[in-house]
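Notes for the structure review
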Amino acid sequence: MNVEIRNTDTSKGKGLFAKKKINCGSVIFEEDPLVSCQFSWNAAYQYRACDHCLRPLETAQENATRLTGHFVELPYPECCTTDKSKIVSCIVCGEQYCSLECQTAAFNQYHRTLCLQTTERHNVHPLEQLNEAWKQVHYPPETSSIMLIVRLLARIIQAPNQDAAIEQTLQFCHRTVNEDAELAHNLLGEKFANQISLLHNLLMTAIPHDGIEQFLTPAGFQGLLALIGTNGQGVGTSAISQWVTKSSDLSLSADEREVLDKFIDNLYDEMDEHSGNFLNNEGVALYSLQSSCNHSCTPNSEPTYLHNNHRLSLVAIKDIEEGDEIFISYLDECMLDRSRHSRRKDLMKNYIFACKCPKCEEQVEEPDITSEEEEDMSE
Ligand SMILES: [Zn+2]
Ligand SMILES: [Zn+2]
Ligand SMILES: [Zn+2]
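Each chain has its residues counted from 1, following the order in which its sequence is written. Each chain gets a letter, beginning with A, and each ligand a number, beginning with 1, in the order they are written. Where local features are concerned, this predicted model is filtered to residues with pLDDT of at least 70; where side-chain atom pairs are given and counted, the filter is 80 or more; whole-chain, interface and lining totals use all residues. By convention in this description, side-chain values take in all heavy atoms of the structure and omit both hydrogens and water.

- By the naming in an unreviewed UniProt entry, the protein chain is Protein-lysine N-trimethyltransferase SMYD5, taken from Rhamnusium bicolor.
- Looking at the Subcellular location (unreviewed entry) heading of the UniProt record, one finds this comment for the protein chain: "Cytoplasm". UniProt positions are given in the numbering used here, feature names are shortened, and annotations may be inferred rather than shown by experiment.

In structure tokens form, the structure reads like this:
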């Protein structure tokens, strides 16, 4: 291992530290998540991904055709990495997977508990009701999913060693009941905060309770919402961006390269026009190692998805010396560019901590006011 978890020098908590020098651009570590799932609206809008690992189920050409709204014929089809011959479906509920390996893993980890029974086909299954209720309180741009909680609980129910699975889940929970309530409230937003009990009730009817009683009390449920709000890591996969990456590795003449570059520019313009910012299969996942990384507004690493599925690769974006703490940013790029005051307000609201990173310390003299433009953006 390149890294170890240990106590930080500055704060009371733990952090992730480099055990040797890591060069900018190299992979620090890779890990599969405990659980992951696609965002509810992303799935509803026909972004087709493996139900287990989020790998695209469309070919790059199908992807481009859907996102532009018209038929697109891609040159160099050999650069498409989607292998549709491997796609399999659950014979009971029809859920699709990129491979038999994913179907088997899903079934053994959580799907046996969550597979919708055929006898219930004529009624709306409680899990679908829960998903619908979630969609009504959590519109795009999506940041989380109640289905991550569902899978996390089903994973405990199915675990060969339930105590160990509970222990593993509790590693992500280290806050007070009041903090959990505040975080759960913030995850749903002011408008929907009173929907927590509705979601809680639907969850109670949607899954068995054996062995997970402690998570199903009102406080336990708020703790789970806080858990996914603070530890959930966004995942994005895309057939078309894989095709673009592969096609940039082709050995082409200068003329061919120019034609291809023009084609790609034009394709992105058209996708942007038809589909806006939402080009990827998107979801959220829970990672054991990555979630031990603390935040910095000037991070030295970033999570990437080099395998085009939910396997996370943490990549160094600066040279990291032995003994350095590894930081990621909990804020998106747009928020990172905003003032110290805005960043700290967001981190306090959504993660309950006061950022003391080098960038925040450097800007400590900045006035604590949010510009009007920034106020508008945070509405
Ligand atoms: Zn898969
Ligand atoms: Zn099924
Ligand atoms: Zn900071």
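Back to the text.
Some words on the overall build of the protein chain
- Helix and strand assignments follow DSSP, with helices taken as H or I runs no shorter than four residues and strands as E runs no shorter than two, numbered in order from the N terminus. In terms of regular secondary structure, the protein chain is built from 15 helices and twelve strands.
- Expected size for 379 residues packed as a compact globule is a radius of gyration near 21 Å; at 22 Å, the protein chain falls within 12% of this value.
- In terms of overall dimensions, the protein chain has a C-alpha envelope of 65 × 60 × 45 Å along the principal axes.
- Here the protein chain holds 379 residues, and the buried ones make up 46% of them.
- Of the contacts made within the protein chain by residues no fewer than 6 positions apart, 71% connect residues no fewer than 24 positions apart.
- The charged-residue count follows a simple rule in which Lys and Arg add positive charge and Asp and Glu add negative charge, with His and chain termini not counted at all. A charged residue contributes its charge at one atom only: NZ of Lys, CZ of Arg, CG of Asp or CD of Glu. Taking the average place of the 31 positive charges on the side chains of the protein chain and the average place of its 57 negative ones, the gap between the two points comes to 5 Å. Atoms counted for the radius of gyration: C-alpha only. Globule rule: 2.2 Å times the number of residues to the power 0.38. Summary of the burial criterion: residues with accessible area below 20% of their type's maximum are buried, those above 50% are exposed, and those between are partly exposed, where the area comes from a 1.4 Å probe applied to protein chains only. Contact between two residues is taken to exist if any of their heavy atoms lie within 4.5 Å; hydrogens are not considered.

Some remarks on the sheet that holds strand E8 (residues 281-286)
- Within the open sheet, the three strands sit side by side as E4-E8-E7. Their pairing is antiparallel. Among the strands making up the open sheet, the edge pair consists of strand E4 (35-38) and strand E7 (233-237). Adjacent strand axes in the sheet meet at a mean angle of 30°, parallel and antiparallel pairs treated alike.
- Here the rule is simple: two strands pair whenever DSSP picks up at least two bridges between them. In this sheet, E8 lies alongside E7 in antiparallel orientation, the contact comprising five bridges. Pairing of Gly234 across the sheet is with Val284, part of E8. Angles shown run from 0 to 180 degrees and are taken between the N-to-C directions of axes, each axis being a line fitted to C-alpha atoms and, for helices, limited to the stretch in contact.

With respect to the coordination of the zinc ion (ligand 3)
- Water is absent from the atoms considered, so a metal site may look incomplete; donors are defined as N, O and S atoms within 2.8 Å of the metal, or 3.2 Å for Na, K and Ca. Binding of the zinc ion (ligand 3) to the protein goes through Cys297 (SG), Cys355 (SG), Cys357 (SG) and Cys360 (SG), at separations of 2.3 to 2.4 Å.
- Coordination at the zinc ion (ligand 3) is tetrahedral, judged from the four donor atoms that bind it and the angles of 104 to 114° they form at the metal.
- Motif for the zinc ion (ligand 3), donor spacing along one chain: C-x57-C-x1-C-x2-C. Of this pair, Cys297 sits in the loop between strand E9 (294-295) and strand E10 (301-304) while Cys360 sits in helix H14 (residues 358-362); the two residues are 63 residues apart in sequence, bridging distant segments of the chain.
- On the basis of relative accessibility, which here comes to 0%, the residue Cys360 falls in the buried class. Site shape is set this way: if four donors have all angles between 85 and 135 degrees, tetrahedral; if opposite donors are over 155 degrees apart and all others between 65 and 115, square planar for four donors and octahedral for six; otherwise irregular.

Here we look at the sheet that holds strand E11 (residues 312-316)
- Pairing is antiparallel across the open sheet formed by three strands, whose spatial order is E3-E11-E10. Each edge of the open sheet carries a strand with a single partner, namely strand E3 (27-31) and E10. Across the sheet, the mean angle from the axis of one strand to that of its neighbour is 20°, orientation sign disregarded.

Topic: the nonpolar core
- Take the buried residues of types Ala, Val, Leu, Ile, Met, Phe, Trp, Tyr and Cys, join any two whose side-chain atoms come within 4.5 Å, and each joined set is a nonpolar core. In this structure, Ile146, Ile149, Leu153, Leu199, Leu203 and Leu225 are the most contacted members of the largest nonpolar core, which totals 54 residues.
- For this core, the leading source of residues is helix H5 (residues 146-158), giving ten residues.
- For Leu199, the residues in contact, after removing those within four places along its chain, are Leu130, Ala133, Trp134, Val137, Ile146, Leu188 and Phe221.
- Counting 20 residues, the second largest nonpolar core, distinct from the first, contains Leu16, Leu312, Ala316 and Ile320.

Brief notes about the pattern of salt bridges
- Salt bridge, as used here, is a side-chain nitrogen of Lys or Arg placed within 4 Å of a carboxyl oxygen of Asp or Glu. Scanning the model with the defined rule gives nine salt bridges in all.
- When the shortest N-O distance is used, the salt bridge between Glu4 and Arg6 registers 3.4 Å.
- The partly exposed category is assigned to Glu4, whose relative accessible area is 33%.
- In this structure Arg6 comes out as partly exposed when scored by relative accessible area, which is 29%.
- One salt bridge in this structure joins Arg311 and Glu30, with 3.3 Å as the shortest N-O distance. Separated by 281 residues along the polypeptide, Arg311 in the loop between E10 and E11 and Glu30 in strand E3 bring together distant segments of the chain.
- Since its relative accessible area comes to 25%, Arg311 is described here as partly exposed.
- Residues joined in a network through salt bridges with shared partners are Glu30, Asp32 and Arg311.

Comments concerning the side chain of Asn308
- Tracing the sequence through the fold places Asn308 in the loop between E10 and E11.
- Any pair of N or O atoms that falls within 3.5 Å is considered a polar contact. Within protein, one atom must be able to donate a hydrogen and the other to accept it, and sequence-neighbouring residues count only if both atoms are side-chain atoms. Within the local environment of Asn308, its side chain forms a polar contact with the backbone nitrogen of Ser238, the two atoms lying 3.0 Å apart.

Some details on helix H8 (residues 196-206)
- All buried positions along H8 are accounted for by Ile196, Leu199, His200, Leu202, Leu203 and Ala206. In an axial view of H8, the angular spread of the buried residues amounts to 165°, which keeps them on one side of the axis.
- Buried residues along H8 sit against helix H4 (126-137), H5, helix H7 (177-188) and helix H9 (218-231). Note that the arc is computed from the directions linking the helix axis to the C-beta atoms.

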